[in-house]
Amino acid sequence: MRRAVLAALSGVLLASPAAAETLLVGNKGEDTLSVIALGSGAELARLPTGKMPHEIAISPDGKQAAVVAYGGTTIDIFDVAKRIKLRTIDISPNQRPHGLLWLADGRLVATAEGSESVAVVAPGGKLTSIATGQKGTHMIAVAPDNRTAYTANIGSGTVSVLDLKDGKKLRDLAVGGKPEGLALTKGGRELWVGDLDAPRVSIWDTQAGETIAELPVDPVAIRVLASPDGRLVATSNIASGTISLFDAETRAPLKTIKVSGDAAKGQVTLLFSADSKRLYAAETGHDKVAEIDVATAKVLRRMAAGKQGDGLAIAP
């Protein structure tokens, strides 16, 4: 009996995906990166970064993390397990990098708001710059082909469509308002775009380049995120401290999750767990990260981070 109980407990421990995972938080108010054991919620280290760290991307092998310096021209690369900075990549003349993705082929792709461009860094270090010519190039999404990219340009009210392989802009979509958060669904066939100027998310057919739907959200969707399993779309509603959940296939609204219910908490970045069962919301106003159970819409706990913790990533 004792052996059976021990075996069962061992199985539970092994089945817990959060036990060995690491939550990374970019603390833009103090130029540091918090390294948090996701299982316990304990901060393991706080590492210095470039000025105003923001979005974070995990390498394809899960061992490294890239962190942009929104107040500069660099991307820091960290070894997650060793909790050390490995190198710093200067993407000049691109300035003020923000949105960041680490593609499966090893390329880093970062928006550069200060230079109205996107920087692409190849694994060997070669830098390519693609001009958007649009104001406030802030967030980015890349299609499954790792070639077509979409950038939200807050100041111009547009989304730029880029060809990462040929290194050129294809067109601008006039989405209106102040687009910031965006996400791709249905294998890249639909693009969901939030608006800082109105309580809405617009949905675009990426092939036709036309809007096909507009859905209401709590004011306002500063981030838009598709779940890893492709079933859900979540919006981070900064003015209300809530999350709106939609069915990605039918676009039907599913529920509104009250996280803090308080605009002063400064809820910005959202992150799904790999199994799509948890959501993490950066509450920059009180330096916490909320963990939410998607099925029950309950806030399970809050983990402390550094000052104005915003960018989020989870390393396996």
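Below: a short report on this structure. (Residues numbered from 1 in each chain as written. Predicted model: local features only at pLDDT ≥ 70, side-chain atom pairs only at ≥ 80, totals over all residues. Heavy atoms only, no water.)

### Some thoughts on the sheet that holds strand β12 (residues 137–142)
Pairing between sheet strands relies on hydrogen bonds along the backbone, with the strands arranged either parallel or antiparallel. Test applied: Two strands are said to pair when DSSP picks up at least two bridges between them. Numbered from the N terminus, helices here are DSSP runs of H or I no shorter than four residues, and strands are runs of E no shorter than two. Fitted lines through C-alpha atoms serve as axes, helices being fitted only where they are in contact, and the angles separating the N-to-C directions of these axes extend from 0 to 180 degrees.
Taken in spatial order, the four strands line up as β12-β13-β14-β15 in an open sheet, and their pairing is antiparallel. For this open sheet the edge positions go to β12 and β15 (168–174), each flanked by a neighbour on one side alone. In this sheet, neighbouring strand axes are inclined to one another by 25 degrees on average, regardless of whether the strands run parallel or antiparallel. Bridge count between strand β14 (residues 158–163) and β15: six bridges; the pairing is antiparallel. Its bridge partner being in β15, Ser160 is matched across the sheet by Asp172.

### So, the pattern of salt bridges
How we decide: Salt bridge criterion: a side-chain nitrogen from Lys or Arg within 4 Å of a carboxyl oxygen from Asp or Glu. Partly exposed residues are those whose accessible area sits between 20% and 50% of the maximum for their type, while under 20% is buried and over 50% is exposed, using a 1.4 Å probe and protein chains only.
Per the stated rule, a full pass over the model turns up 18 salt bridges. Here Glu43 makes a salt bridge to Arg46, at a shortest N to O gap of 3.0 Å. The exposure class of Arg46 is partly exposed, given its relative accessible area of 38%. Arg223 is the salt-bridge partner of Glu180, the closest N and O atoms lying 2.7 Å from each other. Taken together, the residues span a long stretch of sequence, with Glu180 in the loop between β15 and β16 (182–185) and Arg223 in strand β20 (residues 221–226) at a distance of 43 residues. For Glu180, a relative accessible area of 6% corresponds to the buried category. Given a relative accessible area of 6%, Arg223 falls into the buried group. Each of the salt bridges in this network shares a partner with another, and the network as a whole consists of Glu30, Glu43 and Arg46.

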